[in-house]
Amino acid sequence: MKKYLILFVAIILTACLIVGCSSNNSTDQTSTDDVQTTSDTQTTSTAAANQSGIDKSLTGTDLLNSISITMPNSYLIEYQVNMAGISSDVITYVKGESMRMEATVPIANTSAITIYNASEGATYQYTEGSSVGTVFYDDESDGSTDSENLNNEESLANFSDITGVLGEDAIARIEELDGKEVIYIETTGLADDDSSLAKMWFSTETGIPLKTEISLNGEVLMTQKVTNYDPNKQIDDSMFTPPNNITFSEY
């Protein structure tokens, strides 16, 4: 899985699940000013590099293909998701090209967990307390590990990776969200449903998706906003290993 697709896939996994489960309306007025950065030690040189070199006159894939943002090798992002009046907390752990996403499911009083293990090219999905889960593999995975990408302390996140998912007709532009410069991206047809619409606002400073909004048939179904970002989070590799007491069926 390409480097920057990690966060994008996390968004789409959440969106596809919700689009397939409900069509109720939900709105969220949380400001991006509420986002907390756990560490103040993020280098100013990185932030300055992120802000420079972005041609605001570009749009669509021309814009996305022009943007690269330096991101730490290991970090944590916390989200609050609101849907149909129900609030859920999501924690995403990223290390190298591996990802772990834990989302609370208030109605069932449990958590849904997704793990992407980059060394295996495998995505595991299961619910806490369950004895079964599903696994599916990258189409291009050959079982090899890209040690350079997995071990670098920092790496370039290329937004051009996203164009392969969105296609050449992707809507993208530079705009502001709550007074902060962001990369706005819009796409339709989530989960093969042409009536769905996803809007995403990515920070030009950190590259993380500050806000996501999913609509279905013109009604806002889900909003997702970042509440905390820790760019120096130390994450153990075991976080990306699925439990051995769960039987995973290949999807």
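Here, the structure is the one placed above.
What you see is a predicted model, and the numbers here were worked out from it, not measured in a lab. (Residues numbered from 1 in each chain as written. Predicted model: local features only at pLDDT ≥ 70, side-chain atom pairs only at ≥ 80, totals over all residues. Heavy atoms only, no water.)

A. Representation of the overall build of the protein in the model. A count of helices and strands for the protein gives five helices and 15 strands. Going through the 251 residues of the protein one by one, you find that 49% of them count as buried. Considering only intrachain contacts with a sequence separation of at least 6, the fraction spanning at least 24 residues in the protein is 59%. Carbon and sulfur atoms make up 44% of the accessible area of the protein, which totals about 12,100 Å². (Helix = DSSP H or I, 4+ residues; strand = E, 2+ residues; numbered from the N terminus. Buried < 20%, exposed > 50% of the residue type's maximum accessible area, 1.4 Å probe, protein only. Contact = heavy atoms within 4.5 Å. Areas by Shrake-Rupley, 256 points an atom, 1.4 Å probe, with all protein chains shown as cover.)

B. Fine view of the environment of Ile 91. Following the sequence through the fold, Ile 91 ends up in strand β4 (residues 86-95). Using a relative accessible area of 23% as the deciding quantity, one classes Ile 91 as partly exposed. Taking the C-alpha atoms as reference points, Ile 91 and Ile 113, separated by 22 residues in sequence, lie 9.7 Å from one another. With sequence-adjacent residues up to four places away left out, Ile 91 is seen in contact with Leu 76, Ile 77, Glu 78, Arg 100, Met 101 and Glu 102.

C. Main features of unusual backbone geometry. The phi dihedral of Asp 178 is positive, around 55°, even though this residue is not glycine. The residue Asp 178 is located in the loop between β10 (171-177) and β11 (180-188) in this model. Although it is not a glycine, Asn 217 adopts a positive phi angle of roughly 55°. For Asn 217, the location among the structural elements is in the loop between β13 (209-216) and β14 (219-230). Looking at Asn 217, the relative accessible area reads 57%, which means it is exposed.

D. Here's a closer look at the packing of aromatic side chains. If you walk through the whole model with that rule in mind, you get five aromatic pairs. For the pair Phe 136 and Tyr 251, a centre-to-centre distance of 6.3 Å together with 65° between the ring planes defines the contact as edge-to-face. In this pair, Phe 136 is assigned in strand β8 (residues 132-137) and Tyr 251 in the segment after β15 (247-250), connecting sequence segments 115 residues apart. Residue Phe 136 is classed as partly exposed on the basis of its relative accessible area of 27%. On the basis of relative accessible area, Tyr 251 is assigned to the exposed category, the value being 80%. Among the aromatic residues, ring-to-ring pairing joins Tyr 124, Tyr 126 and Phe 248 into one connected group. The aromatic ring of Trp 201 is capped on one face by Lys 211, whose charged end is 4.8 Å from the ring centroid. (Phe/Tyr/Trp six-rings, centres within 6.5 Å; stacked < 30°, edge-to-face > 60°. Lys NZ or Arg CZ within 6 Å of the ring centre and 35° of its normal.)

E. Molecular detail of the environment of Phe 202. Assignment of secondary structure puts Phe 202 in strand β12 (residues 196-203). Given a relative accessible area of 0%, Phe 202 falls into the buried group.

F. View of the pattern of salt bridges. A complete count under the given rule lists four salt bridges for this structure. The residue Lys 56 makes a salt bridge to Glu 181 at a minimum N-O spacing of 2.8 Å. Of this pair, Lys 56 sits in the loop between α2 (44-51) and α3 (60-66) while Glu 181 is found in strand β11, placing the two residues 125 residues apart along the sequence. Classification of Lys 56 as exposed rests on a relative accessible area of 56%. According to the relative accessible area criterion, Glu 181 is buried, its value standing at 16%. (Salt bridge = Lys/Arg side-chain N within 4 Å of Asp/Glu carboxyl O.)

G. Here's a closer look at the pairing of β12. With seven of its eight residues buried, β12 lies for the most part within the structure. Where β11 lies against β12, seven bridges are found, and the strand directions are antiparallel. When the sheet's bridge partners are listed, Ile 183 is paired in β12 with Phe 202. In this structure, β12 lies alongside β13, joined through seven bridges in antiparallel fashion. Residue pairing for β13: Trp 201 is matched across the bridge by Lys 211. (Pairing = 2+ DSSP bridges.)

H. How the structure looks around the environment of Glu 181. Counting along the chain gives 24 residues from Glu 181 to Glu 205, while the straight-line C-alpha distance between them is 8.2 Å. Separated by 2.8 Å, the side chains of Glu 181 and Lys 56 make a polar contact. Here the side chain of Glu 181 touches Thr 204 through a polar contact of 3.1 Å, side chain to side chain. (Polar contact = N/O pair within 3.5 Å; in protein donor to acceptor, adjacent residues only side chain to side chain.)

I. Broad picture of the side chain of Ser 88. Here Ser 88 is to be found in strand β4. Owing to a relative accessible area of 11%, Ser 88 belongs among the buried residues under this scheme. In terms of polar contacts, Ser 88 uses its side chain to reach the backbone carbonyl oxygen of Thr 104, at 2.4 Å. Residues in contact with Ser 88, not counting those within four places in the same chain, are Tyr 79, Gln 80, Val 81, Ala 103, Thr 104 and Pro 106.

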